[in-house]
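Fold and geometry: a report
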Amino acid sequence: MTVVSPTEPTYVVGPVPDVDRDRLREAVAAAEPGPLLMALVHTTGDTSLLPEFQAMLDTERGETPAVAGRYPEAVAAAVRERALALLEGGMAPRLTVPDDDLFRRMAEVCVDDAVGEEFAAHLREMCGFEPARRHVPVTKTPPEGFRVIVIGAGMVGLNAGVKLAEAGFDYLIFEERDDIGGTWSRNVYPGAAVDTPSHFYSYSFELNPDWSMYYPTGPEYLDYMRHVVDKYGLRRNIAFRTKVLSCEWDGESCRWRVTVQAADDSVQVYEANAVVTATGMLNAPSEPDIEGRDSFEGTVMHTAEWDPDVDLTGKRVVMLGTGCTAVQVAASLADKVGDLHVVFRQPHWMVAEPMVDKAVPEAARWAMANIPYYQQWFRVKTYWYAGDKGWDKPRIDPEWGADRPSVSAANDIVLRACLDHLERTFPDRPDIRAALTPDFPPYAKRIVKDPGFLAALARANVSLHRASFLRIEPNGVTTTENEFIKADVIVFATGFKLEFLSFMDVIGRDGRKLADEWAGNDPRAHLGITVPGFPNFFVTAGPNSAPNHGGGHNSVSEGHVHYVIECLQYLIENSRSAMEPRRDVTDEYNRRVDEALDKTVWRHGGTAARLLPQRVRPRVDQLPMATRGLLDDAPLPRPRRPHLLRHDRGAVMSGPRWTIEVDRQRCIGNQMCVNVAADHFVLDGGKSRPATESIAPSEDVVEALELCPTSAITIRDETGTPIEPS
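Residues numbered from 1 in each chain as written. Predicted model: local features only at pLDDT ≥ 70, side-chain atom pairs only at ≥ 80, totals over all residues. Heavy atoms only, no water.

1. Considering the nonpolar core
Applied cut-off: Take the buried Ala, Val, Leu, Ile, Met, Phe, Trp, Tyr and Cys residues and link them wherever side-chain atoms come within 4.5 Å; each set so joined is a nonpolar core. Partly exposed residues are those whose accessible area sits between 20% and 50% of the maximum for their type, while under 20% is buried and over 50% is exposed, using a 1.4 Å probe and protein chains only. Helical segments are the DSSP runs of H or I of at least four residues, strand segments are the runs of E of at least two, and each set is numbered from the N terminus. Contacts between residues were defined by any pair of non-hydrogen atoms, one from each residue, lying within 4.5 Å.
Core analysis: the largest hydrophobic core is formed by 58 residues, its most contacted members being L36, L37, I371, Y374 and W377. At the level of elements, α1 (21-30), α2 (33-44), α3 (49-61), α4 (73-87), α5 (100-111), α6 (119-126), α11 (362-370) and α12 (374-386) are the ones that each hand at least two residues to this core. A per-element tally of this core places α5 first, with seven residues. With near-sequence residues (within four places) excluded, L36 lies in contact with V28, A31, V79, R80, A83, L87, I371 and Y374.

Structure, rendered in structure tokens:
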């Protein structure tokens, strides 16, 4: 018998009366002491363990722990000794779900850190101690015929299915592919893995004690999702190979008409009271349009369309990209291919993560499955240091004055950790360190947890090229630095197009189209979920909803699904047919979102390439010198952060007129020439514009600089003389 039931959610924790003492000793030795101590509190009901061990932590730790959250060895040994004494006689918990005050006290001792009051309820639900608490009183059941359609059978769609069924709603999931899993059934490239810890990146109601790795591989995560489908009986409610073509609101019936292309290619129409989109934002692979691609005589693959039948053994492989996917592919392929050339335009900040490729010991897995509440508290600790503990890292401190591109003390800790990782890996290669060091703040682009990429670069058969593809030849690639690289295989690790439901027609109340509402690639929603004019239409993981400072997509998905259930129950309880957010409330919410984002690196990321343009004019003192010159023609005062004066594209000086020229052949995908005059901006994107046409200092101008390689840009003063790089 284990604590996990084959039929109940994992927040139903059973007793383990018969203890294998040998296995227990091994498990206690392998267990994390903080979560293990909390399991003792549950088993014994003795809360005096908290002040006792808190005093020991304060004494042994000193002012600052050597590693955040790690118990001093003397305290860890005392916890393990106490565990053996208290658990050998059986493990039947006397304490189940603590109240807010006790839970917070336990959490603070578990993670050895201060935990704010606002986290108690969140951690208790998100870490699997209890189901999400209902706030709308439940006195009625959904009427017969009330149906919800869910679009997508990935992480959010499956979660929606479980919770809709639990709340008594009839539902149907449409999935375009022939399997569940979304991202994890699509991405089968070598080394595919989750970069969020296993024990957090799962549903709170279905914790998994059997993860084999501390960071799950793609195939193992897909197995977990299939387990959820089977345990909760979701498959009978999923229509596979069914593509949603459109959703149209019928105002008379207050129902959505959902048109699909079914598995047999027939077009069918379904009606539903509510629609939940669970398609994510990143679905269609982003492949650059490179001259000569059709002439290549070898194999070309995008990582999202990987062909496992292609044998790469001994082949010459050229890969474009250095993001999260690219580093996983490179680390996995380096010892198999003949040569691997990594071509990239812009580096990411990359941090060492010792556990990213580490297996979970069997004894630790036994502890998860057999010690009541141990896996819940292990999840608390995992989440705390991988989630909201990082809230302040992307936020700008206006008084920060470092001579490097960090924006606060917390942000600088990450920057220094990344630089230290580079220094330790390449102590004698300043060229590689320079090529892989970004000139923008950490978190402006996604932080990469190194799965062995830097170690792969140290191999003799792996080389690095700071450039992009200029042209594809029959037998290789010419880069924007005019370097030719022979290739048998070309791999695009270039990510996905950003799509907010642009692949289907959504027509709401009074014929309004979601595509028009979200025109200009600027989607807005209330709480990232609902849109004015689109009743009972719930966009999960929508605009401005991702916790990019840390955490995981799973926490967002569970929060959004819970909100959907509450909204639907409100309709049932109040005998209403439909709901949508008010426009003024939505606008005010997004105003506050913009105001908050304006104090982060996501809005002021310097040279970091972005998926979406900035919505507001950047503050001048937070942009690199080259960009600052675009916004003001008067002499610029020295900013508070001297590092912002450093820019590898050259010094831009104020003056009556100067010009930035972009070589169109070298600047793939962003071909434009920017002329900057004293009071106006003129862009030439292939069509001439009158020199007198005035254009506001917009994101287009900023993008022209940020997205081009250094070699593509020439800066000239008012006499036409090139300005040499500083």
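2. Describing the sheet that holds strand β21 (residues 537-539)
In plain terms, the rule: Two strands qualify as a pair provided DSSP detects at least 2 bridges between them. Helix axes are fitted to C-alpha atoms over the stretch in contact, other axes to C-alpha atoms as well, and angles between N-to-C directions run from 0 to 180 degrees.
Taken in spatial order, the five strands make up an open sheet running β3-β2-β1-β7-β21, and their pairing is parallel. With partners counted over all chains shown, the strands left at the sheet margins are β3 (238-239) and β21, one partner each. Across four bridges, the pairing between strand β1 (residues 147-151) and strand β7 (residues 274-277) is parallel. By the bridge assignment, I149 is partnered in β7 with V275. Docked against the sheet, helix α7 (residues 155-166) engages β1, β2 (170-174) and β3, running at close to 170° with respect to β2. On top of the sheet, helix α17 (residues 553-573) reaches β1, β7 and β21; it is set at about 165° to β21, its chief contact.

3. Points about the sheet that holds strand β16 (residues 476-479)
Strand order in the open sheet formed by three strands is β15-β16-β17, with antiparallel pairing between adjacent strands. At either end of the open sheet lies a strand with only one pairing partner, and these are β15 (469-473) and β17 (484-486). The average angle at which neighbouring strand axes cross in this sheet is 20°, direction not considered. Summarising the sheet, β15 and β16 pair through four bridges and their orientation is antiparallel. Paired with I472 across the strands is V477, a residue of β16.

4. A word on α12
We apply this condition: Under the convention used throughout, the expected extent of a helix is 1.5 Å for every residue step, that is, one less than its residue count.
Its 13 residues place the ends of α12 18 Å apart at the C-alpha level, agreeing with the 18 Å of an ideal helix rising 1.5 Å per residue. Among the 13 residues in α12, eleven count as buried, and that is most of the element. Along α12, the residues that are buried comprise Y374, Q375, Q376, W377, F378, R379, V380, K381, T382, Y383 and W384. Tucked into the core, α12 has its buried residues touching α2, α5, α6, α11 and α17.

5. Re the environment of M579
For M579, the location among the structural elements is in the loop between α17 and α18 (583-597). A residue is classified by how much of its surface remains accessible, and M579, at 24% relative accessible area, is partly exposed. Distance from M579 to G533, taken between C-alpha atoms, is 9.5 Å for residues 46 residues apart in sequence. When neighbours within four sequence positions are excluded, M579 is seen to be in contact with P535, N536, C567, Y570 and L571.

6. Some thoughts on empty space enclosed by the protein
Put simply, the test is: Of the two site types, the cavity is a set of points on a 1 Å grid over the protein atoms alone where a 1.4 Å probe fits but cannot get out, and the pocket is an open set with protein on both sides within 12 Å along at least five of seven lines, each lined by residues with an atom within 4 Å of a point. Grid points are joined across faces, edges and corners, and a volume is the space filled by probe spheres set on the points. Lys, Arg, Asp and Glu make up the charged group, whereas Ala, Val, Leu, Ile, Met, Phe, Trp, Tyr, Cys and Pro make up the nonpolar group; the residues left over, Gly among them, are polar.
Under the defined criterion, the tally for this structure stands at four cavities of 30 Å³ or more. The volume enclosed by the largest cavity comes to roughly 90 Å³. Along its surface, the largest cavity is lined by T322, P347, H348, W349, M350, C418, L422, L436, P438, F453 and L454. Among the secondary structure elements, those contributing two or more residues to the lining of the largest cavity are α13 (409-425) and α15 (453-457). The residue makeup of the lining of the largest cavity, split by class, is nine nonpolar, two polar and no charged.

7. Re the packing of α3 against α4
Applicable threshold: The scheme is simple: roughly parallel for angles under 35 degrees, roughly antiparallel for over 145, roughly perpendicular for 65 to 115, oblique for anything else.
Between α3 and α4, the least distance of the axes is 9 Å, while the angle of their chain directions is 155°. Taken together, the axes of α3 and α4 lie roughly antiparallel to each other. Within the contact between the two elements, α3 uses L49, E52, F53, M56, L57 and E60 and α4 uses A74, V75, A78, V79 and R82. Within the contact of α3 with α4, the residues separate by chemical class into eight nonpolar, no polar and three charged.

8. Focus on the pattern of salt bridges
Filter applied, for reference: The salt bridge definition used is simple: a Lys or Arg side-chain nitrogen within 4 Å of an Asp or Glu carboxyl oxygen.
Within the structure shown, the criterion is met by 43 salt bridges. Between D112 and R61 there is a salt bridge, with its nearest N and O atoms 2.8 Å apart. A residue pair is termed long-range when its members are at least 10 positions apart, and D112 in the loop between α5 and α6 and R61 in helix α3 qualify at 51 residues. The salt bridge partner of E271 is R255, with a shortest N-O separation of 3.2 Å. One end of the pair, E271, is in strand β6 (residues 267-272); the other, R255, is in strand β5 (residues 255-261), and 16 residues separate them in sequence. Among the residues examined, E271 registers a relative accessible area of 33% and is labelled partly exposed. What emerges from the salt-bridge pattern is a single network uniting D100, R124, E130 and R133.

9. Describing the pairing of strand β10 (residues 316-320)
The side chains of a regular strand alternate, first on one face of the sheet and then on the other. Of all five residues in β10, four are buried, a share of seventy percent or more. Across five bridges, β10 lies against strand β11 (residues 339-344) in parallel orientation. Residue V318 lies in a different strand from β11, and its bridge partner there is H341. When β10 meets strand β18 (residues 489-492), the two strands line up parallel, connected through four bridges. Bridged to V318 within β18 is I490.

10. A look at the side chain of N554
Counted only if it meets this: Whenever two N or O atoms come within 3.5 Å, that pair is a polar contact, provided that in protein one can donate a hydrogen and the other can accept it, and provided that, for residues adjacent in sequence, both atoms are side-chain atoms.
Assignment of secondary structure puts N554 in helix α17. At 2.7 Å, the side chain of N554 and the backbone oxygen of F200 are in polar contact. Leaving out residues up to four positions away in the same chain, N554 has contacts with M155, F200, Y201, S202 and R379.

11. Overview of the side chain of N187
Topologically, N187 is positioned in the loop between α8 (183-186) and α9 (218-231). A relative accessible area of 8% means that N187 is categorised as buried. Those residues within four positions of N187 in sequence are excluded, and the remaining contacts are A192, T303, A304 and F496.

12. With respect to the environment of L568
One can find L568 in helix α17. Between the alpha carbons of L568 and A274 there is a distance of 8.3 Å; along the sequence they are 294 residues apart.

13. A look at the pairing of β5
Among the seven residues that make up β5, five are buried, leaving the element largely enclosed by the rest of the structure. Here seven bridges tie strand β4 (residues 243-250) to β5, and the two strands are oriented antiparallel to one another. In the strand pairing of β5, C247 is matched with V258. Between β4 and β5, which pair antiparallel in sequence order, lie four residues; one of them, C254, sits at a positive phi of approximately 55°. Across six bridges, β5 lies against β6 in antiparallel orientation. Looking at β6, one finds that V258 is bridged to Y270. Adjacent in sequence and paired antiparallel, β5 and β6 are bridged by five residues, among which D265 carries a positive phi angle near 75°.

Keep in mind these values describe shape, not function.
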